[in-house]
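# Overview (structure and organization)
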Amino acid sequence: MISRLDKILAAQSTSSRKDIKQLIKSGAVKVNGSCIKSSDIKIDTDKDIVSVNGEEISLKEHIYIMLNKPMGVVSATEDNLLPTVVDILPDELKRKGLFPAGRLDKDTVGFVLITDDGQFAHNILAPKKHVEKTYLAGLGREISEDIISEFEKGVDIGGGDICLPAKLKILQNGNSPLVEVKIKQGMYHQIKRMFGSYGYTVIYLKRTQIGNLKLDENLSEGEAREISAQELSLITKYR
């Protein structure tokens, strides 16, 4: 991709375009080893090597981040009371325009995908794209196997909301029921409302997978890392 130097550098950070221009003017930026002091020079992000203060930077049009969201963090870009999924990202992953591609409730944990790519987010969130999101849910009491077929039909969760067919698998039952749920939507409190329609209370909820991409088991709650192109294809090529 061909782009102005100041524009692509601004996209890689949280600094303003004005600050980036000043940085370039100061001589801190090199392209292919040569000091550049002109902000409007055009560079090829696929070929040119850019360094800032001696450190090479990765030039990417978009970024895709896997976050293992902890409880008490909201899936938003800003909040006046609570930390957001963007707030808790490490500084090296932060850049302008980041947002969560799909939301988890404040008390739900697990896989949140954060990006600055609006088209990609639309493609994985639109129900007609058929990208499933997988959850583990702990329930307050033993669950009947009859609910499996009810979920497959689509659940009326009230308020005029009717869910698309969902997949339910009972992993363990009895005193500590644990189930796996796969849905293609993201309505407000959807899974809790689905179980609530049949008199069940969800006491624990964790998103473990988007499409065929599983949450990295090495990520502790609150930790995040960039998603590779190969991993991303497990979502974008999901059927």
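These lines cover the structure that appears in this document, whether it is placed above or below. (Residues numbered from 1 in each chain as written. Predicted model: local features only at pLDDT ≥ 70, side-chain atom pairs only at ≥ 80, totals over all residues. Heavy atoms only, no water.)

## Things to note about the sheet that holds strand 6 (residues 55–57)
Overall, antiparallel pairing links the 4 strands, which are arranged 3-2-5-6 in an open sheet. This sheet does not close on itself; its edge strands, each paired only once, are strand 3 (34–35) and strand 6. Two elements, strand 2 (residues 29–31) and strand 3, share 2 bridges in a ladder whose sense is antiparallel. Counted as the bridge partner of K30 is C35 from strand 3. (Pairing = 2+ DSSP bridges. Helix = DSSP H or I, 4+ residues; strand = E, 2+ residues; numbered from the N terminus.)

## Topic: the packing of aromatic side chains
Throughout the structure, instances matching the rule amount to 3 aromatic pairs. Aromatic side chains F151 and F195 sit 5.0 Å apart centroid to centroid with 50 degrees between the ring planes, which places their arrangement in the tilted category. Of this pair, F151 sits in helix 4 (residues 146–153) while F195 sits in helix 5 (residues 190–196), and the two are 44 residues apart along the sequence. The exposure class assigned to F151 is buried, which follows from its relative accessible area of 0%. Relative accessible area serves as the criterion here: at 0%, F195 is assigned to the buried category. An aromatic cluster is present here, built from F151, F195 and Y198 joined pairwise through their rings. Across the ring face of Y200, the terminal group of R141 is positioned such that the distance to the ring centre comes to 4.0 Å. (Phe/Tyr/Trp six-rings, centres within 6.5 Å; stacked < 30°, edge-to-face > 60°. Buried < 20%, exposed > 50% of the residue type's maximum accessible area, 1.4 Å probe, protein only. Lys NZ or Arg CZ within 6 Å of the ring centre and 35° of its normal.)

## What about unusual backbone geometry?
At N32, a position not held by glycine, the phi torsion is positive, near 55 degrees. Examined against the element boundaries, N32 turns out to sit in the loop between strand 2 and strand 3. For N32, a relative accessible area of 47% corresponds to the partly exposed category. One non-glycine residue, H130, adopts positive backbone phi at about 65 degrees. By the element assignment, H130 lies in the loop between helix 3 (118–125) and strand 10 (133–139). Residue H130 is classed as partly exposed on the basis of its relative accessible area, which comes to 43%.

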